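Take a look at the letters that make up each chain.
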Amino acid sequence: MIRILYRELHYQIAKRNPLVVNDEKQFKKAIKNAMSLKRGLGVQTFGFIPFGLLMASTFIFTNDRLVLASLMVSLALLPFVFAMYVTAIQASYVLSIGLFKPLEALPIRLGSKYLSGLLFLEVSPALGVILPSVFVIMAKYPLEGILALLWVFIGLFLGHMLGLAIVNFFALRVHQRAGKGHTLKSLVKVVFFLLFIGMFMAMNYLQYYIREHSEEVARIIGKYFIAYPFSVASIFEPSRSAGLLMVYVAIIAPAYYLTLRAVWKKMLEPPVVSEKIFVSRFKAKITNKILALTLKDFRMFVRKPAMLVAFLIPLYMVLPTIVDAFRKGQLSLFNVLVVLFMVGLFSVAGADAVLKVEGNVLELLKTLPIRKKEFMLSKILSMTVVPITIGILIVIFGARYDVDSLLLLPYAFMLPLISASITMLYLFRYTGEDIGIPELSWLHMIFMIIIVGIVFALIAAPLVFGLKHLFVSQEIALGILFILFIIAKKH
């Protein structure tokens, strides 16, 4: 059943991708890949391997058990966060296209187990990042390596289960009307989820600190050894680690079962949330099509907080810098500059949510007088609103410590626009005026981050000779943005 659902999901993705559906050869190739579970997962996993080897290099050059255990704690966060993110985002998309509608009519007690299995397959390629490091530990300390592998699967499964819980609480509700009250509640949920994820993402920046202060880190881990990911450090105490693993399995197994039951119940009968509304006079108004499409995207995101979370990825990346600034009581001009470039670079990840938000609305949009260029420009705007807002707030925050940070304000606007424009121009490069949802796999995402990174390196090149060349750098960014605008206009 899961194999069939996997094939159907990737068939639907291919069918909605104009780059594929308008090219018979590409379409046949896409269908061939969709029909092979091994080929599909293998290609994705292979794409993660280079990053896994890069991370494994940290483990190769040390045999110190204390350092290895501490590094493993930070690494164990990756499968947890990745599984939670992919489960929450992909589940919302899967449900929006009605993939499970045929199952809902069948006499199945727990159909959500198929949803879980399908999403777990989508998550599993992330092991390509983690396993090289685990194999390094396994080569040095076989028993400890096996325990590390088991903890990786625990983290992956724990993140997957929490992702399903997010879907259960946020995505499986039918609101009578969105209204301001619902909008506020959705935003509050996103803020709390952001704080939760940010706490874990910040810990990924601890690797350098771990190398220098491994003994101090070990004392901290010792205090919180029960909590994941600190529990992973117990791999060099096999009996203790095995006991903790059994405790986690004993807790996660029933929690997972109860989550599946709750998800399936809401899939069959989504709870209807009624809200008090104030009747107001309807006013028809003419709005620019691009702006109307952008506003439509954000209205849909507000109703699907699990997808809105994708836009906050740039904030996850800069959260440690903000926390460090509060701790030290300073934030230099250089640090603000680095943060703005990071926000612009990682705003590429927002493309996934921007495209998948359409779901089953795409067919309706095709009936409207919307050109591909207008659709693409609306997606560029949708991608940039949140990163630009984050960038402006970072500049204002930096101005508290150094008023010269205000000179960096143009970057807050230009870098996300450049990033979004490059991404969308690449994805919508197909011929014809058909509106579609181009495929954006993790390999495409990595490729786009590399391309945008190269462009950003060109923009930052003058700054190598000092911040006195700031305006030269900004002029280069403005020139690139102008070129991209011309290309988009002729698209």
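Residues numbered from 1 in each chain as written. Predicted model: local features only at pLDDT ≥ 70, side-chain atom pairs only at ≥ 80, totals over all residues. Heavy atoms only, no water.

A. The overall build of the protein chain, seen in detail. Secondary structure summary: the protein chain contains 24 helices and two strands in total. Across the 491 residues in the protein chain, those meeting the buried criterion constitute 52%. (Helix = DSSP H or I, 4+ residues; strand = E, 2+ residues; numbered from the N terminus. Buried < 20%, exposed > 50% of the residue type's maximum accessible area, 1.4 Å probe, protein only.)

B. Quick look at the pattern of salt bridges. The final tally for this structure, using the stated rule, is four salt bridges. Among the salt bridges present, the one from Glu237 reaches Arg240, with a minimum N-O distance of 3.0 Å. You can call Arg240 partly exposed: its relative accessible area is 32%. A salt bridge links Glu374 to Arg371, with the shortest nitrogen-to-oxygen separation between them at 3.6 Å. For Glu374, a relative accessible area of 10% translates into the label buried. Overlapping salt bridges, with partners in common, bring together Lys289, Arg371 and Glu374 in one network. (Salt bridge = Lys/Arg side-chain N within 4 Å of Asp/Glu carboxyl O.)

C. Region of the structure containing the confidence of the model for the protein chain. With 75% of its residues at a pLDDT of 70 or more, the protein chain has an overall mean of 77. Confidence over residues 174-185 falls short of pLDDT 50; this stretch has 21 contacts with residues more than four positions distant or in other chains. Under a pLDDT of 50 for its full length, residues 199-208 has, in the predicted model, 24 contacts with residues more than four places off or in other chains. (pLDDT = per-residue confidence, 0-100. Contact = heavy atoms within 4.5 Å.)

D. Broad picture of the nonpolar core. Ranked by internal contacts, the top residues of the largest apolar core, which has 75 residues, are Met72, Phe100 and Trp151. For this core, the secondary-structure elements that each account for two or more residues are α1 (2-15), α4 (37-60), α5 (65-75), α6 (77-96), α8 (112-123), α9 (127-140), α10 (142-171) and α14 (238-268). Element by element, the count of residues in this core is highest for α6, at 12 residues. Other than its neighbours up to four places away in sequence, Met72 contacts Phe59, Val134, Ile137, Ala148, Val152, Val232 and Ile235. Within the second largest apolar cluster, 56 residues are counted, among which are Leu293, Ala349, Ile370 and Leu481. (Core = buried A, V, L, I, M, F, W, Y, C linked by side-chain atoms within 4.5 Å.)

E. Seen up close, the packing of aromatic side chains. Scanning the entire structure with this criterion turns up 11 aromatic pairs. Ring centres of Phe397 and Tyr401 lie 5.6 Å apart, and the angle between their planes is 80 degrees; this geometry places the pair in the edge-to-face category. For Phe397, a relative accessible area of 14% corresponds to the buried category. The cationic tip of Arg429 hangs over the ring face of Tyr426; the distance from NZ or CZ to the ring centre is 4.2 Å. (Phe/Tyr/Trp six-rings, centres within 6.5 Å; stacked < 30°, edge-to-face > 60°. Lys NZ or Arg CZ within 6 Å of the ring centre and 35° of its normal.)

F. Fine view of helix α21 (residues 372-399). With 28 residues, α21 should cover 40 Å at 1.5 Å per step; its first-to-last C-alpha distance of 40 Å lies within 8% of that length. The largest bend in α21 is about 35 degrees, located at Thr384, with the proline Pro387 one to four residues further on. Of all the 28 residues making up α21, 20 are buried; the element is thus mostly covered by neighbouring parts of the structure. (Expected span 1.5 Å × (residues − 1). Bend = angle between axes of the 7 residues up to and from the residue.)

G. Representation of the environment of Ala126. As for its placement among the helices and strands, Ala126 is situated in the loop between α8 and α9. For Ala126, the residues in contact, after removing those within four places along its chain, are Phe48 and Phe82.

H. Highlighting a nonpolar patch on the surface. The grouping of Phe482, Ile483, Phe485, Ile486 and Ile487 at the surface amounts to a nonpolar patch, some 480 Å² of accessible area in total. Inspection of the secondary structure assignment puts Ile483 in helix α24 (residues 470-490). (Patch = residues over 30% accessible without salt bridge, like charges linked within 9 Å, V, L, I, M, F, W, Y side chains within 5 Å. Areas by Shrake-Rupley, 256 points an atom, 1.4 Å probe, with all protein chains shown as cover.)

I. Summary view of the side chain of His160. Locating His160 in the fold gives a position in helix α10. Setting aside residues up to four positions removed in sequence, His160 forms contacts with Ala83, Met84, Thr87, Ser116, Leu119, Phe120 and Tyr256.

J. Just the packing of helix α22 (residues 409-427) against α24, in detail. With their axes 10 Å apart at the nearest point, α22 and α24 run at an angle of 35 degrees to one another. In the packing of α22 onto α24, the handedness of the crossing is left-handed. Where α22 abuts α24, its residues Pro410, Tyr411, Met414, Leu417, Ile418, Ser421, Ile422 and Leu425 lie against Leu470, Ser473, Gln474, Ala477, Leu478, Ile480, Leu481, Leu484, Ile487 and Ala488. In terms of residue class, the contact of α22 with α24 is built from 15 nonpolar, three polar and no charged. (Axes fitted to C-alpha atoms, helices over the stretch in contact; angles between N-to-C directions. Left-handed = near helix turned anticlockwise from the far one by under 90°. Nonpolar A, V, L, I, M, F, W, Y, C, P; charged D, E, K, R; others polar.)

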